[in-house]
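Tertiary structure, described
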Amino acid sequence: MGDILNRIKENLAVNFGLEDEELEEFINMARQSLQNDLITLETAFPDDITTVGVQAHTIKGALLNLGLESEADKARAIELQAKEGKIDGLEDMIVNLKECLQDLLTT
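Conventions used here
- Residues numbered from 1 in each chain as written.
- Predicted model: local features only at pLDDT ≥ 70, side-chain atom pairs only at ≥ 80, totals over all residues.
- Heavy atoms only, no water.
- Helix = DSSP H or I, 4+ residues; strand = E, 2+ residues; numbered from the N terminus.
- Buried < 20%, exposed > 50% of the residue type's maximum accessible area, 1.4 Å probe, protein only.
- Contact = heavy atoms within 4.5 Å.
- Expected span 1.5 Å × (residues − 1).
- Salt bridge = Lys/Arg side-chain N within 4 Å of Asp/Glu carboxyl O.
- Polar contact = N/O pair within 3.5 Å; in protein donor to acceptor, adjacent residues only side chain to side chain.

**Focus on the environment of asparagine 96**
Tracing the sequence through the fold places asparagine 96 in helix α5 (residues 90-100). Separated by 21 residues in the primary sequence, asparagine 96 and alanine 75 have C-alpha atoms spaced 9.8 Å apart.

**Considering the environment of cysteine 100**
Its location among the elements puts cysteine 100 in helix α5. In this structure cysteine 100 comes out as partly exposed when scored by relative accessible area, which is 28%. Once the C-alpha coordinates of cysteine 100 and glutamate 71 are considered, the two residues, 29 residues apart in sequence, prove to be 6.9 Å apart. Beyond its immediate chain neighbours, meaning those up to four positions away, cysteine 100 contacts Ile4, Glu71 and Lys74.

**Looking at helix α4 (residues 69-83)**
A rise of 1.5 Å per residue sets the reference length of α4, with its 15 residues, at 21 Å; its end C-alpha atoms lie 20 Å apart and thus fit the reference within 8%. All buried positions along α4 are accounted for by Glu71, Ala72, Ala75, Ile78, Glu79, Gln81 and Ala82. Against the buried residues of α4 lie α1 (3-16), α3 (49-65) and α5. Downstream of α4 by one or two residues, glycine 85 has phi in the positive range, about 75°.

**As for the pattern of salt bridges**
Counted by the stated rule, this structure contains 7 salt bridges. Linking arginine 7 and aspartate 3 is a salt bridge whose minimum nitrogen-to-oxygen distance equals 3.9 Å. Placement of the pair is arginine 7 and aspartate 3 together in helix α1, with a separation of 4 residues, close to one helical turn. Measuring nitrogen to oxygen at the nearest pair gives 2.9 Å for the salt bridge that ties lysine 83 to glutamate 79. Highlighted residues: lysine 83 and glutamate 79, both in helix α4, separated by 4 residues, approximately one helical turn. Judged by relative accessible area, which is 57%, lysine 83 ranks as exposed. Overall, the relative accessible area of 4% leaves glutamate 79 in the buried class.

**Some remarks on the side chain of asparagine 11**
Positionally, asparagine 11 belongs in helix α1. Among the polar contacts listed, one links the side chain of asparagine 11 to the backbone oxygen of leucine 66, at a separation of 3.1 Å. Those residues in contact with asparagine 11 that sit more than four places away from it in its chain are Phe16, Asn65, Leu66 and Gly67.

Set out below in structure tokens:
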């Protein structure tokens, strides 16, 4: 199991008191939601920068709920840059975020 999943499980167990079965169910729901949000974000780029910002904000919130602060910071950077209308470098930031979440998204 990847480090990211261990971090999520520890956060959910400590902060929300979830048991193993509940953890798995919560993680599966979060995984599906993040996958959908990332697809929407990628589909919107570069034509709909407003949607990119909104989706990055949604992803940031989900990641914070999972206890993934450093990953949430990456989503926040995308959100802020999109809200400023700055496209340069945004695609690389999106790719980097997806790479950071790969163990969560594919497990």
